[in-house]
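Notes for the structure review
Now for the letters of each chain:
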Amino acid sequence: MKKVITYGTYDLFHQGHYNLLKRAKELGDYLIVGVTTDNFDLERGKMNTCNNMMERIEAVKATGLADQIVIEEYRGQKIEDIQKYGVDIFAIGSDWEGYFDYLSEFCQVVYLPRTQGISSTQLRKERTVVNIGMIGTGSIASRFVPESKNVNRAVISAVYNPNIDENILFCHKFQIPVMAHNLEELYANCDAVYIASPHYTHYEYTKSALIAGKHVLCETPFVFSRTQAEELYTIAEKRGLHLQVALKTAYCPAFGHLFSLLKSGVIGEIVEVNASVTTLTDENSEKLNSKFLGGSISENACFPLLPIFKFLGTDFRDIHFYSKMKNDVDMFTKAVFRYDHAVASFQVGLGVKTEGSMTIAGTKGYVYVPAPWWKTDYFEVRYEDQNKNKKYFYPYVDEGLRYEIKDFIAAILTEGYYFNKVSKEENLMMAQVQEMYINNQNVYKL
Ligand code: C2G
């Protein structure tokens, strides 16, 4: 019996996929079809699939052409499958011509003609999109545009910056269709707004966008008072709009898995969380200007606050802040949180540098996430008995903003249930911590 194997994602299953499977089947007597897992696709940079793995498997099954379906989970699996199933022919579309020649050491490799004029990419483009209008054209905005191109159904449709020269440059550089001269023009050309303006403008812009009926993705730090955050959530909820804070760490694959691992008790009861985020910044930067609410807490605290609130909750007893000051702003701050059964601390800096790692201590072991833990693709779970230590690896592609953008789009387009990776209470509490600091509550200045 001649066995043939072929692989694919088979997203939005179409005639091209069908033809390929039919041609592959005709090469032998028995066809094995490998369908990629969602995780494997994520790892190889394909994060815009519309169907999940089960739907994609069902589509392949429905053709009646596959004698056996296997799942493809990792790079290098093809050789193992060929050996394991005794495969005679590996077949794949001609778009891969030459790429899989290395498999000819193990079986015959055949590139089959690809069907012209149809592709998953094309079909994905024809689906409803979310037009995003951007406010702000700074460094994070410049990273956001290329990242958004990896997210299916996200389209940057317009940009606004009150500084017209900067606006022109940005629109030109990134080929944005509409350069808005004011907010009305921006709102007229989008369904959702991404706010990437200076921190102190977030509240006004978010409120204005929500009132205009737009979904909002607001950069961190969200706002500087709990009351303001509550007000914005109330407006969003009343209008059925999605309000999300662009805290990229919360959306990246490693952090999501770390969260579920720790909740399942792999290190026992969590007793301490400690994390640092420090960046050395030019002293003249707006980030260090007290007039613009600059400083380390404002710039970086939301990152360590995320694991602290995720792993210990928001119900702490008190916080003490210790700040190294210069020109009326904190160049560095250490904060210590007291919980009933745990303690947490963080170090944030804009003019002081330290190791940017995170450790989470538990009664059975601990987690170590090396620098930069806030955009990690790797962490370790360690125990007293080192033989039990485990290393975990995940994809984290380029700037890593694509994960939060993907969730933003999913939340807007999903009819029905969507799980918020950062809860309303966590966002409210992050705003409250900023407020406590601004109000000098337990702040010791050095
Ligand atoms: N295909 C085709 N004609 C089209 C579109 C796709 O013949 N118009 C073929 C591809 O060449 C491939 C198969 O259909 O052989 C599945 O395509 P995808 O779902 O795009 O999967 P792909 O990313 O090519 O994954 O490990 C996975 C494999 O490397 C291939």
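Refer to the structure presented above.
Criteria and cut-off values
Residues numbered from 1 in each chain as written. Predicted model: local features only at pLDDT ≥ 70, side-chain atom pairs only at ≥ 80, totals over all residues. Heavy atoms only, no water. Near = heavy atom within 4 Å. Polar contact = N/O pair within 3.5 Å; in protein donor to acceptor, adjacent residues only side chain to side chain. Areas by Shrake-Rupley, 256 points an atom, 1.4 Å probe, with all protein chains shown as cover. Helix = DSSP H or I, 4+ residues; strand = E, 2+ residues; numbered from the N terminus. Pairing = 2+ DSSP bridges. Axes fitted to C-alpha atoms, helices over the stretch in contact; angles between N-to-C directions. Contact = heavy atoms within 4.5 Å. Buried < 20%, exposed > 50% of the residue type's maximum accessible area, 1.4 Å probe, protein only. Arc of directions from axis to C-beta. 1 Å grid on protein atoms, 1.4 Å probe; cavity = no way out; pocket = protein on both sides within 12 Å on 5 of 7 lines; lining within 4 Å. Points joined across faces, edges and corners; volume = space filled by probe spheres on them. Nonpolar A, V, L, I, M, F, W, Y, C, P; charged D, E, K, R; others polar. Domains from an automatic or database assignment. Phe/Tyr/Trp six-rings, centres within 6.5 Å; stacked < 30°, edge-to-face > 60°.

What follows deals with the site of the ligand. Close contacts around the ligand come from 21 residues, with K46, E72, D95, W96 and I118 the closest. The side chain of R44 places a nitrogen or oxygen atom 3.2 Å from an oxygen atom of the ligand. Between the ligand and G93, the relevant distance is 2.9 Å, taken from an oxygen atom to a main-chain nitrogen or oxygen of the residue. Expressed as a share of its isolated accessible area of 630 Å², the protein-covered part of the ligand is 94%. When residues of the shell around the ligand are traced back to their parent elements, those giving at least two are β1 (3-8), α1 (15-26) and β4 (89-93). Here the element with the most residues in the shell around the ligand is α1; it accounts for three residues.

Sheet architecture is open: nine strands sit in the order β19-β18-β17-β16-β12-β15-β14-β13-β20, paired in mixed fashion. Looking at strand neighbours, the two that pair on one side only are β19 (390-393) and β20 (443-445), the edges of this open sheet. In this sheet, neighbouring strand axes are inclined to one another by 15° on average, regardless of whether the strands run parallel or antiparallel. Across three bridges, the pairing between strand β17 (residues 366-369) and strand β18 (residues 378-382) is antiparallel. Each residue of the ladder has a partner; that of V367, found in β18, is V381. Packed on one face of the sheet, helix α14 (residues 302-312) meets β12 (270-278), β14 (329-338), β15 (343-349) and β16 (358-362) and runs near 170° to β12. Strands in contact with helix α16 (residues 424-438) are β13 (318-326), β14 and β20; relative to β13, the strand with the most contacts, it is inclined by about 55°.

Take the side chain of S285 next. Here S285 shows up in the loop between β12 and α13 (296-300). Assessed through its relative accessible area of 17%, S285 is described here as buried.

Here the residue pair T220 and P221 is connected by a cis peptide bond, since its omega of -10° sits within 30 degrees of zero. For P221, the position within the fold is in the loop between β10 (215-219) and α10 (226-239). Cis geometry marks the peptide bond from A371 to P372; its omega dihedral reads -10°. For P372, the location among the structural elements is in the loop between β17 and β18.

A separate point is helix α7 (residues 164-174). Within the sequence span of α7, burial applies to N167, F170, C171 and F174. Seen end-on, α7 carries its buried residues on one side only, within an arc spanning 95°. Among the exposed residues of α7, those pointing more than 90 degrees away from its buried face are D165, L169, H172 and K173. For α7, the side-chain oxygen to backbone nitrogen distance between the N-cap and D165 is 3.1 Å, and the N-cap itself is N163.

Moving on, we come to the environment of W374. Structurally, the position occupied by W374 is in the loop between β17 and β18. Under the relative-accessibility criterion, W374 is labelled buried at 14%. As a C-alpha pair, W374 and S276 span 98 residues in sequence and 9.2 Å in three-dimensional space. For W374, the contacting residues outside a window of four places in its chain are K248, T249, S276, V277, F303 and G356.

To continue, consider empty space enclosed by the protein. Counted under the stated rule, the structure contains two cavities of 30 Å³ or more. Considering only enclosed or pocket space, the largest cavity measures out at about 60 Å³ in volume. The wall of the largest cavity is formed by T220, P221, F222, V223, V245, C302, N427, M430, A431 and Q434. Counting residues per element, the lining of the largest cavity draws most heavily on α16, at four residues. Taken together, the residues of the lining of the largest cavity sort by class into seven nonpolar, three polar and no charged. Both domains that meet at the lining of the largest cavity, namely domain 2 (128-247) and domain 3 (253-395 + 415-445), each give it at least three residues. Of the volumes computed, that of the second largest cavity is approximately 30 Å³. E283, L288, K326, N327, V329 and M331 together form the lining of the second largest cavity. For the lining of the second largest cavity, the residue count by class is three nonpolar, one polar and two charged.

Our next topic: the packing of aromatic side chains. Per the counting criterion, the structure on display carries 25 aromatic pairs. Measuring from ring centre to ring centre gives 5.9 Å for F337 and F346, while their planes differ by 50°; the resulting arrangement is tilted. In this structure, F337 and F346 share a single accessibility class: buried. Between the aromatic rings of Y396 and Y403, the centroid separation amounts to 6.0 Å while the plane-to-plane angle is 45°, which identifies the pairing as tilted. Members of the aromatic cluster, joined through ring pairs, are Y7, F90, W96, Y99, F100 and Y102.

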